Amino acid sequence: MKTFMLHLIRNASTPANEEGRYLGHTDEALSRRGLEELEYLTTQAQYPEAAVVFTSPLLRCTQTAKIIFPNQNPLVLNELIEINLGEFDGKTAAELEAYPTFADWLGGKPGLAPPFGESNEEFGRRICGIFEKIVEGIVKSSTKSCAIVTHSGLITAWLAIYGLPEAPMNDWLCPPGQGYSLRIMPSLWMKAKKLEVTQSIPIFKSE
């Protein structure tokens, strides 16, 4: 049976990541550390090839995509953007303690959203919709290998929902600039909407 590969890659580091600030739609470029991370990873490890590369519109993802896949022209999809954090964006957890809804939002209370932001339910509908369209497009077009360069929030949510082995979001956290390869088996996808997580990426040359 024909199978296909989908590679999920997290953007490299930004100043907000290094300062412990929540980062949603704020459009930060990669930090010097983030650029150094990618230089190290692209020289000391191997990313999989991809016939098609999709990316979030935010600069930290488009930069990451172009560095990892310099010969590709990534396709920007607005639905791949990180969750809209509204007034929480750019703030630390300590700063957000002043918001009465922060603790409940952090705990995943249903229907709760940051002020002027996106609820977890809205976020979930958006990212599941685009993920399923991408997977079904890969199968329909018989594209052997694709990559999505996006944010940690999307990757961990997708793997918790669609990944095998099944595991909670926190188990799928990965360092900046890294991610996972997934095998698409059309029969399994049609039956259960599940993908097999095959390995962490990139693969280091010593492995």
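Please refer to the structure higher up on the page.
Now for a quick tour of the structure. Throughout, a residue's number is its position along its own chain's written sequence, starting from 1. Confidence filtering applies because this is a predicted model: local features only for residues at pLDDT of at least 70, side-chain atom pairs given and counted only at 80 or more, and all residues used for totals across whole chains, interfaces and linings. With hydrogens and water stripped out, all remaining heavy atoms of the structure feed into the side-chain values.

### Let's talk about the overall build of the protein
We count it as follows: What counts as a helix is a DSSP run of H or I of at least four residues, what counts as a strand is a run of E of at least two, and both are numbered from the N terminus. Throughout, the radius of gyration refers to the C-alpha atoms, and the reference size of a globule is 2.2 Å times the residue count to the power 0.38. What makes two residues a contact is simply this: any of their non-hydrogen atoms within 4.5 Å. Only the protein chains shown count as cover for residues, with accessible areas throughout obtained via the Shrake-Rupley method and a probe of 1.4 Å. The convention is simple: Lys and Arg are positive, Asp and Glu are negative, and His and the chain ends are not counted. Positions of charges follow a simple convention, taking NZ of Lys, CZ of Arg, CG of Asp or CD of Glu.
Counting secondary structure elements, the protein contains eight helices and nine strands. Its C-alpha radius of gyration of 17 Å places the protein within 12% of the 17 Å reference for a compact globule of 207 residues. Expressed as lengths along the three principal axes of its C-alpha atoms, the size of the protein is roughly 55 × 40 × 30 Å. Taking the intrachain contacts of the protein between residues at least 6 apart in sequence as the baseline, contacts between residues at least 24 apart amount to 68%. Total accessible area computed for the protein in this model is approximately 10200 Å², and 54% of it derives from carbon and sulfur atoms. Here the protein contributes 19 positive and 24 negative side-chain charges, whose respective centroids are spaced 8 Å apart.

### A few points about the pairing of strand S5 (residues 145-150)
Note the threshold: The cut-offs for exposure are 20% and 50% of the maximum accessible area for each residue type, with area from a 1.4 Å probe on protein chains only; residues under the lower value are buried, those over the upper are exposed, and the others partly exposed. A strand pair is defined by DSSP finding two or more bridges across the two strands.
The element S5 is extensively covered by neighbouring structure, given that six of its six residues are classed as buried. Along S5, one buried face is formed by Ser 145, Ala 147 and Val 149 and the opposite face, lined by Cys 146, Ile 148 and Thr 150, is buried too. As defined by bridge partners, strand S1 (residues 4-10) adjoins S5 across six bridges and the pair is classed as parallel. Residue Leu 8 lies in a different strand from S5, and its bridge partner there is Ile 148.

### Concerning the sheet that holds strand S7 (residues 179-184)
Filter applied, for reference: Note on method: axes are straight lines fitted to C-alpha atoms, helices fitted across the in-contact stretch only, with angles between N-to-C directions ranging 0 to 180 degrees.
Reading across from one edge, S4-S3-S5-S1-S7-S8-S6 is the order of the seven strands in this open sheet, with mixed pairing throughout. Looking along the sheet, the strands with just one partner apiece sit at the ends: strand S4 (75-76) and strand S6 (163-164). Two strands pair when backbone bridges link them, and strand S3 (residues 52-55) and S4 are joined in this way by two bridges, in the parallel orientation. Following the sheet pairing, Phe 54 is matched in S4 by Leu 75. Its contacts with the sheet place helix H6 (residues 120-141) against S1, S3, S5, S7 and strand S8 (195-201), and it is angled at close to 145° to S1.

### Focus on the layout of surface pockets
Rules: Here the term cavity refers to a set of points on a 1 Å grid, laid over the protein atoms alone, in which a 1.4 Å probe fits but cannot get out; the term pocket refers to an open set having protein on both sides within 12 Å along at least five of seven lines, with lining residues being those that place an atom within 4 Å of a point. Grid points are joined across faces, edges and corners, and a volume is the space filled by probe spheres set on the points.
Of the volumes computed, that of the largest pocket is approximately 870 Å³. If you trace the largest pocket, you find 28 residues lining it, with Glu 82, Ile 83, Gly 153, Thr 156 and Met 169 closest to the centre. Looking at the lining of the largest pocket, the elements with two or more residues in it are helix H5 (102-106), H6 and helix H7 (152-162). In terms of residue count, the dominant contributor to the lining of the largest pocket is H7 (six residues).

### Re the state of the cysteines
Put simply, the rule reads: When two cysteine sulfur atoms are found within 2.5 Å, that pair is recorded as a disulfide.
Per the stated rule, a full pass over the model turns up zero disulfides. We note that Cys 128 lacks a disulfide partner, and the nearest cysteine sulfur, in Cys 174, lies 18 Å from it. Note on Cys 174: no disulfide assigned, nearest cysteine sulfur contributed by Cys 61 at a separation of 12 Å. Accessibility expressed as a relative area gives 10% for Cys 174, which makes it buried.

### Re the packing of H6 against H7
Axis angle and axis distance: for two packed helices, these are the angle between their axes and the distance between the axes, and together they describe the pair. Put simply, the rule reads: If an angle is under 35 degrees, it is roughly parallel; if it is over 145, roughly antiparallel; if it lies from 65 to 115, roughly perpendicular; otherwise it is oblique.
Interhelical geometry of H6 versus H7 gives an angle of 75° and a closest axis separation of 11 Å. Comparing the axis directions of H6 and H7 gives the class roughly perpendicular. Between H6 and H7, the contacting residues are Phe 123, Ile 127, Cys 128, Ile 130, Phe 131 and Glu 132 on the first element and Gly 153, Leu 154, Ala 157, Trp 158, Ile 161 and Tyr 162 on the second.

### So, the environment of His 25
How we decide: By the criterion applied in these results, polar contacts are pairs of N or O atoms within 3.5 Å in which, for protein atoms, one can donate a hydrogen and the other can accept it, and in which residues neighboring in sequence qualify only through two side-chain atoms.
As for its position among the elements, His 25 is in the loop between helix H1 (15-19) and helix H2 (32-44). For the pair His 25 and Asn 84, spaced 59 residues apart in sequence, the C-alpha to C-alpha distance is 5.7 Å. The contact partners of His 25, leaving out residues within four places of it in the chain, are Leu 58, Ile 81, Glu 82, Ile 83, Asn 84 and Asp 89. Within the local environment of His 25, its side chain forms a polar contact with the backbone oxygen of Glu 82, the two atoms lying 2.9 Å apart.

### Remarks on the pattern of salt bridges
Using the following cut-off: Salt bridge, as used here: a side-chain nitrogen of Lys or Arg that lies within 4 Å of a carboxyl oxygen of Asp or Glu.
Overall, the coordinates contain six salt bridges when judged by the stated rule. In this structure, Glu 37 and Arg 33 form a salt bridge, with 3.7 Å as the shortest nitrogen-oxygen distance. Highlighted residues: Glu 37 and Arg 33, both in helix H2, separated by four residues, approximately one helical turn. A relative accessible area of 18% means that Glu 37 is categorised as buried. Salt bridges sharing partners connect three or more residues here, namely Glu 19, Arg 21 and Glu 28.

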